[in-house]
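Below are the chains, spelled out letter by letter.
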Number of protein chains: 2
Amino acid sequence: MSTKYVYRFNEGQADMKKLLGGKGANLAEMTNIGLPVPPGFTVTTEACINFYDAGKQFPAGLKEQVAEKISLLEETTGKKLGDAQNPLLLSVRSGAVVSMPGMMDTVLNLGLNDDTIKGLIASTGNPRFAYDCYRRFLQMFAGVVKDIENYKFELVLEKQKTAKNVQDDHQLTAEDWQVVVEQFKNIIAKETGQPFPQDPREQLSQAMDAVFNSWNNQRAIVYRKVHKIPDDLGTAINVQAMVFGNMGDDCATGVAFTRDPSTGEKKLYGEYLVNAQGEDVVAGTRTPQPIAKLAQNMPELHRQFAEICVLLEKHYRDIQDVEFTIERGKLWMLQTRNGKRTVQAAIKIALDMWKEELISKEEAITRIEPGQLDHLLHRRIDPDVSLEVIAKGLPASPGSGYGEVVFEADLAEKIAAADRKVILVRMETTPDDIHGMVAAQGILTSRGGMTSHAAVVARGMGTPCVCGCEEIKIDYENKLFKAGTQTVRAGDVISIDGGTGQVILGEVPMIDPEMSAEFLELLVLTDQIRTMEVRANADTPEDATKSREFGAQGIGLTRTEHMFMAPERLPVVQRMILAESIAERKAALNQLLPMQQNDFYGILKAMQGLPVCIRLLDPPLHEFLPSVEDLLVEITTLKLTGGNAAEIQDKEGLLRKARALSEYNPMLGHRGCRLGVSYPEIYAMQTKAIFQATAQLVQEGYNIIPEVEIPLVIDAQELALLKKQVIQVAEQVKQQTGTDFHYTVGTMIEMPRAALLAGEIAEQAEFFSFGTNDLTQTTFGFSRDDAEGKFLHHYLEKKILTDNPFMVLDRSGVGKLMQMAVEQGRQVRPDLLIGICGEHGGEPSSIEFCQLLGLDYVSCSPYRVPIARLAAAQAKLKTEHKHLADSRTA
Amino acid sequence: MSTKYVYRFNEGQADMKKLLGGKGANLAEMTNIGLPVPPGFTVTTEACINFYDAGKQFPAGLKEQVAEKISLLEETTGKKLGDAQNPLLLSVRSGAVVSMPGMMDTVLNLGLNDDTIKGLIASTGNPRFAYDCYRRFLQMFAGVVKDIENYKFELVLEKQKTAKNVQDDHQLTAEDWQVVVEQFKNIIAKETGQPFPQDPREQLSQAMDAVFNSWNNQRAIVYRKVHKIPDDLGTAINVQAMVFGNMGDDCATGVAFTRDPSTGEKKLYGEYLVNAQGEDVVAGTRTPQPIAKLAQNMPELHRQFAEICVLLEKHYRDIQDVEFTIERGKLWMLQTRNGKRTVQAAIKIALDMWKEELISKEEAITRIEPGQLDHLLHRRIDPDVSLEVIAKGLPASPGSGYGEVVFEADLAEKIAAADRKVILVRMETTPDDIHGMVAAQGILTSRGGMTSHAAVVARGMGTPCVCGCEEIKIDYENKLFKAGTQTVRAGDVISIDGGTGQVILGEVPMIDPEMSAEFLELLVLTDQIRTMEVRANADTPEDATKSREFGAQGIGLTRTEHMFMAPERLPVVQRMILAESIAERKAALNQLLPMQQNDFYGILKAMQGLPVCIRLLDPPLHEFLPSVEDLLVEITTLKLTGGNAAEIQDKEGLLRKARALSEYNPMLGHRGCRLGVSYPEIYAMQTKAIFQATAQLVQEGYNIIPEVEIPLVIDAQELALLKKQVIQVAEQVKQQTGTDFHYTVGTMIEMPRAALLAGEIAEQAEFFSFGTNDLTQTTFGFSRDDAEGKFLHHYLEKKILTDNPFMVLDRSGVGKLMQMAVEQGRQVRPDLLIGICGEHGGEPSSIEFCQLLGLDYVSCSPYRVPIARLAAAQAKLKTEHKHLADSRTA
């Protein structure tokens, strides 16, 4: 028996997404639960995959199976494809496994030709409608199947309107449309060298071919890259009997969400147009009515629709994004899917559905994409500042952004690549603009509603967006837009607030985020579930305080080098580096001691009662000196311009030292605890500063828990040597201050050798903290500074790597070392405290892996603490029955 | 029962070295096999260790045990310590576990005082001898125990000689010596504030204390560092009844080797002095007689001595280095130990002893230290060049060296640290000069024989040495020496040939080494035993040919970047790098193709019949461009001097590119197969060049075995992608040339991730080659370029690491990754070929580890191939019953 490539809607169900695509599976599901779905069938993704495997040939048996299902459809509808009396008309739509809105192609009204148009006229009694359908079909077919540019058709339309001296499409008569239809057919014949195919079966075959081909159009490829969708899934095709929202004023078409996708509020939210086809709503060319209006215009239909929405939510247990059409007073459901939503909405909906007992607490928590919380935690426009608001549009995707005004996607991409911020301003966006949208800080459109392309895509990416901002008049030609009396030119800086719809001149002042009540409620829920602690990386008392507010349970990493960089300290630090003797170095260090002690006092006090892990000096010393390059240019200039001899000599002395300290590979150089080995007096000073601050606070009555962290360790002997000094200093400080205090000594695991020898190292270390930034650099042999600019993108493009390993923890390589370290470390010291403080500590997939490894905590930047709390809870839920071994191939 | 700290000689044996030290154990062994050894006892190393543990206090019970053994000694000898009639005199000598010649302290004639001197006069009837002994004792005791500078005593001696108007010590009378003795005692009293201790038991106690303390004197510490002897072994003390070689002309003392330690010839080799104490021979202050003379002077004693030497060789199954004394016609053996020897001698002795059936073939092979072969394989002075020989001395340690003349050890060390070559020139060397000797390219002394300090130490270190070169007159004050009419000043360059004793003005031309018949015989033996193959790293046909001569069984690494560096190619390579388009780059590559093909043709032809592993381009491209620094200075100069605008623009363009390519950490940057991923056309060209050369040679009838090696792989996908291209190119070349050939594709394992994912990678790779240089850099996070200059020495000094991991493979960290890679790789592909091509491939300890890992081959530089052959054979023998797990803690 040959493969089954075609499923009627009643043969499928919701869990067959991989085979039927998301749209097809949901059409089947709706059909099966008895909703009014126009009959039809789905051609599987397998057919698409085989189509590509065979060099873009339909697989054997497909045509026959389609023909058979068409016959069944003819039986069901009582209409016949190509029948001049009662023609069956079809919609042909792509439907991928993962939704890719607007990325692929659709052909409506398929089946019309010079014969069947008569039947349509006869059966509807509406020749104007019939010809309008025919011209729409021709236009779509030409665009999608024949790849003919749309403006050629628009030109004909414009000419006809001018000839008839009318402004608007719907003022054209049936006869006008008939004229247009003839001209459209001529364009197709002329452009393709062949007449428009009158045979509906040929039309269908070509349309199917076009849908399969659309899987690999440029837009779709970019979209998949951005959203990390595999390239080999293929798309399904949904062939469905047409229903018409454009037969007259008892017709309508619309899209709606079962709850508000911006706020999460529990009420129908959407838009519809009377006497229109679906494409009119999505394209944003006519501004639609809010769904609430339907209750006034068609109360019974509104009731039916609302009931169906409730049913769908109960059935899918999530907010639904639906499309519907009303044909002469009858409601048809054309699509349902889980609705995209803002993160605020996601939180509210998850909490509400939990309270409605639609979903469990655990499920509620897994509903929020942790990365999205980022938007809530970012700075936003200061509400107390008076802004120069020049226009207001629809608040389509929350968050604020500013940047140079750019009118083209290509240019937006280019400018952003030069590290400049961009606001992309368009009348409306299309899938062709996707690369510019990705690159922009914000998107502003003058047309289209909350469900327009710009709005949907921006929400998906979390980019701020103001759309339908009709107050701005865009002039592409002169690269400017006007808003009232203001003229804003390309390159001028504007800000937008996607939460309010405001467009503001210049860069506006921002304030720190506050967390909503729902957000806090969610975080409390996550704390009930997660087993890993969440700490923050913080170098100042202010960051430490912020971390506590965000719920950090300690500091996982306090870097001490930033403290060395302060302008008033740098000269002392340089004196310490340039010292010719230990005595000279110690003198400089003695000057630094009270400063460092003060730093630690502030942080430890802010975190009292919670552990604070302080890393001793890590970067190579040359980072504190002027660069060799700058000195070279200065010296050459001085010499050639007859500069002062003494000055030249000074600079040359500095150059010698800078050269002596400069390194071929600083990442692998004289840094971390290697400094502590070579210059024990530096670490001694820092340790003393920590313990004196601790003693002071203990005397003041605080509970202080310092953890002294030795970075870059590669051997147990090395740690033993340095630990010995820490203990000596601690004993001294205890004696001198007459104060007892508790502390621990541990190490970063950030070099492969430390992971490989973790057992021995654990004999010395009371805690491990994975420095996965450096561990990734050394395990891959990728210098992050070089890789990200020079070759990593090739590795991602060529799919050698699926993720940037500096963003998402590499489970196979780096993860294997971590696993070895955890196992060996815990074997030697069962109560070994283990955490992670690399950037991965705030990234959800990496947090999941840490959960699998059994780490005690993750540590991340203060603003990512809430994300980590949620991700840790999700990780706990996701990994409950998972083991490390499985995870790596996941 | 308290610990036994003291062993009489008849209580010990040879295998108790760890407890009794080398000297003590051998004195015991000789006693037990019935040789004439003066009676005595040994204080154990354990006593020394406990002495240090207790803060330099004798452990409890030691004094009592010593007293008890002294009583027994008094019984045996019939003499009594401190007895005014028949006093027992003692020698007190250190004796470490590992021989450290001359490094520690000795006190002879202990027991003399103002009373016992009378007994010594009475029992010998020789007051001059007795007073000489007393003054020697005082002088040594003062130096060793009281740390008084020797010149103070020498001054007294000189004054006495002047007063008596004599030239030489032995012209002084008993009365003279008595005067000297009194003055010596005064010096001691004055310097220490206390009178010289008359009580022999107090003398012994202080001497033992001094010997223990000498374990940690500066010389001993340096010696242990150079020879990698652990610091915690401690030293034993040998207390022995004195015998005297200086009682008259029927007395003598000498040292000898049972075979010639320079050539290995089977004949007694050594020196003796009539009427002298042992120190006179070793110190080189009097020039001694060759041992053959003894046969004439004292034929019976010579016969006895020769017999004992044969017996000792049979007993110890190795060449012996013995000390003896003849006291009034009776032969006493004072010491025996395995003799240090040159590598030529070591080879000859091992082969001879094997033929004499004294040792097995396997044992013969383990007798040669592979590292020593290096001397035989290095360049030596061209014998066909006429040299300006200015002097000739004793050929004390073979090999040739040249460098600036330096007269002080400190300065020698300082100059050598600045990478300048030094010849250390001294009248004689002492243990205080050890650091200068280590730093020098060669050592030249004007005094002392083949067993003088300079000679022994130089042979041990493998440093060329000419000693006893009496033709040169050294003037330390004016920093010059004269040789005939020549005056050579500090800083002038001379050469020495330690094989002939020649001293030559200037730097002399050198020639390549040839291998002696014995050397070749040894290598053939090793080949019968070893199981690992030995390959060479070679980049040119010349190196390839040399490798074959040295017995390489293939090329383990051909680097292709050196070929890019040739002056006529560099402009083309730069054009390739600066290309703005792929077409431009391909044009440059097309120019390089025939050049590369020619390179490979030569190497493959030279190695026909053997495998040749060719690594595709590895270094980052900026290595082929001028440096950013140079360009900056040039541009600044041009601008300030009104340079040509076009030229400035050109340079600025080059600077932009150099900057764009420059990297923060080139070691972890855009290099290795990352270039192949980014610029597939570069690897395609190189692969084409390899295969076209192969096809050409196959057509010419050669058996060619190319291995294409992809460097720096971190992922199986990456290798798969690049391998695919190699296969495509191979197929093209096969088609175009109509020639079939065989090849394999494999990878370097040089990044931790490659080792961690070796199983997956082995699915793609037909061979692995460990690039342990880079694997060491990334596993430790040590940039070799930076570490060796900046901090690695701290790690060695502080004993965090026992070896430089770039010289000796780190078994615990890097080795663990290698083990994982071998195990995973072989599991996936049981016939996976695995080798090593890092510098460790020629280092014996690392080769042993490779044997344990089960590698198929090691690859090293051509000149190290014979060393690797020997080391591989030894590794096979050493590891036969050893497992990886044991090795790591070894």
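Residues numbered from 1 in each chain as written. Chains lettered and ligands numbered in written order. Predicted model: local features only at pLDDT ≥ 70, side-chain atom pairs only at ≥ 80, totals over all residues. Heavy atoms only, no water.

### Section: the confidence of the model for chain A
Heads up, the condition is: For every residue, the predictor states its confidence as a pLDDT score lying anywhere from 0 to 100.
On average, residues of chain A carry a pLDDT of 91, and 97% of them reach 70 or more. The ipTM value of the predicted complex is 0.79, and its pTM value is 0.79.

### Brief notes about the sheet that holds strand β29 (residues 767–770) of chain A
Residue and element names in this part refer to chain A. Selection criterion: Strand pairing is assigned whenever DSSP identifies at least 2 bridges connecting the two strands. Helix and strand definitions follow DSSP, with helices as H or I runs of at least four residues and strands as E runs of at least two, each counted in order from the N terminus. Lines are fitted to the C-alpha atoms to define the axes, a helix being fitted only along its stretch in contact, and any angle between axes, read from their N-to-C directions, falls within 0 to 180 degrees. We call two residues contacting when some pair of their heavy atoms lies within 4.5 Å.
Pairing within the closed barrel is parallel, and its 8 strands lie in the order β24-β25-β26-β27-β28-β29-β30-β31. Within this sheet the neighbouring strands show an average axis-to-axis angle of 30°, counted without direction. Relative to the sheet, helix α23 (residues 582–606) contacts β25 (555–559), β26 (611–615) and β27 (705–710), its axis offset from that of β26 by approximately 150°. Set on the sheet, helix α27 (residues 680–699) makes contact with β26 and β27; between it and β27 the angle comes to about 170°.

### What about the pairing of β25(A)?
On a regular strand, one side chain projects to one face of the sheet and the next to the other, so that they alternate. All names here are of chain A. For clarity, the threshold we go by: Burial classes follow relative accessibility: with a 1.4 Å probe on protein chains only, a residue under 20% of its type's maximum area counts as buried, one over 50% as exposed, and anything between as partly exposed.
The element β25 is extensively covered by neighbouring structure, given that 4 of its 5 residues are classed as buried. The pairing of strand β24 (residues 533–537) with β25 spans 2 bridges and is classified as parallel. For Ala536, the partnering residue across the bridge sits in β25 and is Ile555. For β25 and β26, the ladder comprises 3 bridges, and the chain directions are parallel. Residue Ile555 lies in a different strand from β26, and its bridge partner there is Val612.

### A closer look at the sheet that holds strand β10 (residues 330–338) of chain A
Residue and element names in this part refer to chain A. Overall, antiparallel pairing links the 5 strands, which are arranged β8-β7-β6-β9-β10 in an open sheet. With one partner strand each, in any of the chains shown, β8 (289–290) and β10 form the two edges of the open sheet. Here 8 bridges tie strand β9 (residues 320–327) to β10, and the two strands are oriented antiparallel to one another. From the neighbouring strand, Asp321 faces β10, where its bridge partner is Arg337. Contacting β6 (252–257), β9 and β10, helix α12 (residues 299–316) crosses the sheet at an angle of about 30° to β10.

### Comments concerning the interface of chain B and chain A
Threshold: Summed over both partners, the accessible area lost on bringing two parts together, with a 1.4 Å probe, is the buried area. Think of a salt bridge as a Lys or Arg side-chain nitrogen and an Asp or Glu carboxyl oxygen that are within 4 Å of each other. Polar contact criterion, stated in full: a pair of N or O atoms within 3.5 Å, where within protein one must be able to donate a hydrogen and the other to accept it, and residues adjacent in sequence count only if both atoms are side-chain atoms.
Between chain B and chain A, the residue contacts involve 59 residues of the former and 59 residues of the latter. When chain B packs against chain A, close to 5000 Å² is buried across both sides, 63% of that on carbon and sulfur atoms. The interface formed by chain B and chain A contains 2 salt bridges. Among the salt bridges present, the one from A:Asp810 reaches B:Arg753, with a minimum N-O distance of 2.6 Å. For the interface between chain B and chain A, the tally reads 28 residue pairs in polar contact (both at pLDDT 80 or more). For the side of chain B that touches chain A, the leading source of residues is helix α24 (residues 628–640) of chain B, giving 7 residues.

### Topic: the environment of B:Arg380
All names here are of chain B. With respect to the helices, strands and loops of the structure, Arg380 is situated in strand β11 (residues 380–381). By relative accessible area, which is 35% here, Arg380 ends up partly exposed. Residues Arg380 and Tyr5, spaced 375 residues apart in sequence, show a C-alpha to C-alpha distance of 51 Å. Leaving out residues up to four positions away in the same chain, Arg380 has contacts with Ser400, Pro509, Met510, Ile511 and Glu514.

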